[in-house]
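Given next are the chains, with one letter for each unit.
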Amino acid sequence: MMKKGFLWGGAAAANQIEGAVLENGKQYSVSDALIHGMKGEIDPDVRGCYPTHRGVDFYYHYKEDIRLFAEMGFKVFRMSIAWTRIYPTGMETEPNQNGLQFYDRVFDELHKYGIEPLVTLCHYEMPLYLAKHYNGFESRATVEAFQRYARTVLDYFKEKVKYWVTFNEINVMMISPFCGGGVIRYRENRAQTIWQATHNQLLASAWAVRYCHEINAEAQIGCMIASGPWYPFTCRPEDVFLALKKNWQTYLFSDVQVRGEYPFYIYKYWKDHGVTIQMEEEDLGILKNTVDFVGISYYQSRCASTDPEEQEKAQGNLFQSVRNPYLNITDWGWPIDPQGFRYTLNMLYDRYQKPIFVLENGFGAVDVLENGTVHDTYRIEYLKSHIVAMQEAEEDGVEIMGYTVWTPLDLVSFSTGEMKKRYGMIYVDKKDDGSGSGKRYKKDSFYWYKKVISDNGIAKEGEHV
Ligand code: BGP
């Protein structure tokens, strides 16, 4: 059982649920240029109607959807504001009132049921204009555009939003600089582009943290990393050291956001790779504005091997991870590792001694709608094992603020752009080709999660709620 006041809820992102892609002044974001999700090609001219354009029509369905979240007993709903609804290209000097009013209505609707909004400022939603014209965060112009946007929404929603997150999975810059940081073009030294963009994005994040703290002492603002440990594939010391280096690639991002400075090893890395970061005098001071909590997504663990044969087999996997023979995988090849979740929570708390917010965890699968419901026992099993692992981490002494399942509602998959990779507890009748009524149906997991929330966790055998 989790401690009293634990924030149970669900998470989603504007670009995956809202639809209404060009309505009321909105323009395209980087997500709209993904032909088949993050793993597919990019079309900067957006010549097709790609999956995220439609989302699942949350823009029009939000009242019905929020009513269902309330029925599950949500205490919190993690969502994002689409930057492009507020500043369509990122370069306007005045915000789009239509966009602000839309989120105002959504927050009011959540509050009506006592659900706290937890808002990500940018969940792969940089205006496409900034990516095309400024190469995203490689340029300081994008930092300024982000400041303009962040200042606007932090001010405007000061009274309605207590919990904020700066960038979703900021370390995704390492596997998809386009989604993570709007980077389209590379210098001859690719590492130079990526690390300059990384620095600028970390700076933008720290600036938002400072501003949020300045205007609202009550608010809490966190970072968000795609977590999951890299295990050494064998106990060969070379594999162990490689796993350490791979973990650095993830935790450098939270190290900067939580500790307020770059970790020691990055300076040698930059030197070895010919990277020179353009910094302004005040940059390192701004980075000292550290977050209040450590937000994570956790889906899977990974394995690192120095064996060329194993590395070869790992090509093409999302994180180029070697297959762990001790773990089962999902239909999309993601290893299922609840113990790795407990490990991650302990490791992060040990590293930072800051509260952790689990902002994403869930199971993507093909669901079959039968007689108006889905018997998703596989999803319940995954979630149950992970929630139990989280409870064990809490017993270990880790401070955990909340858990927002990915996701209450079926939505468009980020990595593949598919509808058929479903995570929801509410089935949405939409297919990959965009057909379907859009009607919502409660799955078995809906009722199961509702009970978990009302019991404040999962009772151990023999334990009473
Ligand atoms: C995270 C993203 C989400 C979400 C989730 C599931 O990386 O923050 O946006 O989509 O993963 O991934 P996918 O949809 O690729 O299965």
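Details of the structure are given in the entry above.
In this report, we go over the structure that sits alongside the text.

Rules and cut-offs
- Residues numbered from 1 in each chain as written.
- Predicted model: local features only at pLDDT ≥ 70, side-chain atom pairs only at ≥ 80, totals over all residues.
- Heavy atoms only, no water.
- Helix = DSSP H or I, 4+ residues; strand = E, 2+ residues; numbered from the N terminus.
- Contact = heavy atoms within 4.5 Å.
- Phe/Tyr/Trp six-rings, centres within 6.5 Å; stacked < 30°, edge-to-face > 60°.
- Buried < 20%, exposed > 50% of the residue type's maximum accessible area, 1.4 Å probe, protein only.
- Lys NZ or Arg CZ within 6 Å of the ring centre and 35° of its normal.
- Near = heavy atom within 4 Å.
- Polar contact = N/O pair within 3.5 Å; in protein donor to acceptor, adjacent residues only side chain to side chain.
- Areas by Shrake-Rupley, 256 points an atom, 1.4 Å probe, with all protein chains shown as cover.
- Expected span 1.5 Å × (residues − 1).
- Bend = angle between axes of the 7 residues up to and from the residue.
- Pairing = 2+ DSSP bridges.
- Axes fitted to C-alpha atoms, helices over the stretch in contact; angles between N-to-C directions.

Brief notes about the side chain of Ser-297
Here comes step 1: Here Ser-297 lies in strand S7 (residues 293–297).
Here comes step 2: In this view, Ser-297 contacts Glu-169, Met-224, Ile-225, Ala-226, Ser-227 and Glu-360; residues no more than four positions away in its chain are not counted.

Some words on the packing of aromatic side chains
Here comes step 1: Evaluation of the coordinates by the stated rule reveals 41 aromatic pairs.
Here comes step 2: Taking the centre distance of 5.9 Å and the plane angle of 85° together, the rings of Trp-248 and Phe-264 count as edge-to-face. In this pair, Trp-248 is assigned in helix H9 (residues 237–259) and Phe-264 in the loop between H9 and helix H10 (265–272), connecting sequence segments 16 residues apart.
Here comes step 3: Their ring planes at 50° and their centres at 5.7 Å tell us that Phe-293 and Phe-357 sit as a pair that is tilted. Remark: Phe-357 occurs in strand S9 (residues 356–360) and Phe-293 occurs in strand S7; sequence separation between them is 64 residues.
Here comes step 4: The class for Phe-357 is buried, based on a relative accessible area of 0%.
Here comes step 5: Over the face of the ring belonging to Phe-102 we find Arg-85, whose NZ or CZ atom lies 5.7 Å from the ring centre.

Some points on the site of the ligand
Here comes step 1: In the region of the ligand, 13 residues are neighbours, and Glu-169, Phe-414, Ser-415, Lys-421 and Tyr-423 sit closest.
Here comes step 2: In this structure, Glu-169 approaches the ligand through a side-chain N or O atom, which is 2.6 Å from an oxygen atom.
Here comes step 3: Within the contact set of the ligand, an oxygen atom lies 2.6 Å away from a side-chain nitrogen or oxygen of Tyr-423.
Here comes step 4: The protein chains hide 96% of the 380 Å² of surface that the ligand would expose on its own.

Quick notes on H9
Here comes step 1: Its 23 residues give H9 an end-to-end C-alpha distance of only 29 Å, which falls more than 12% under 33 Å, the value for a rise of 1.5 Å per residue.
Here comes step 2: A bend of about 45° at Tyr-251 is the largest found in H9.
Here comes step 3: Looking one or two residues beyond H9, the residue adopting positive phi is Gly-260, at roughly 85°.

Some details on the sheet that holds strand S4 (residues 163–167)
The strands making up a sheet are joined through hydrogen bonds of the backbone, oriented either antiparallel or parallel.
Here comes step 1: Reading around the barrel, the eight strands line up as S1-S2-S3-S4-S5-S7-S9-S10 and close back on themselves, with parallel pairing between neighbours. Going across the sheet, the axis of each strand differs from the next one's by a mean of 25°, ignoring polarity.
Here comes step 2: Relative to S4, strand S3 (residues 116–122) is paired through four bridges, and the arrangement is parallel. When the sheet's bridge partners are listed, Val-119 is paired in S4 with Trp-164.
Here comes step 3: Along the sheet, helix H6 (residues 140–156) contacts S3 and S4; its crossing angle with S3, the most-contacted strand, is approximately 165°.

Let's talk about the environment of Lys-442
Here comes step 1: Mapped onto the fold, Lys-442 is located in strand S12 (residues 440–442).
Here comes step 2: Residues Lys-442 and His-375 lie 67 residues apart in sequence; the distance between their C-alpha atoms is 9.8 Å.
Here comes step 3: If near-sequence neighbours (up to four positions away) are discounted, Lys-442 is found in contact with Leu-68, Glu-71, Gly-372, Thr-373, Val-374, Met-425 and Tyr-447.
Here comes step 4: Side chain to side chain, Lys-442 and Glu-71 meet in a polar contact 3.0 Å long.

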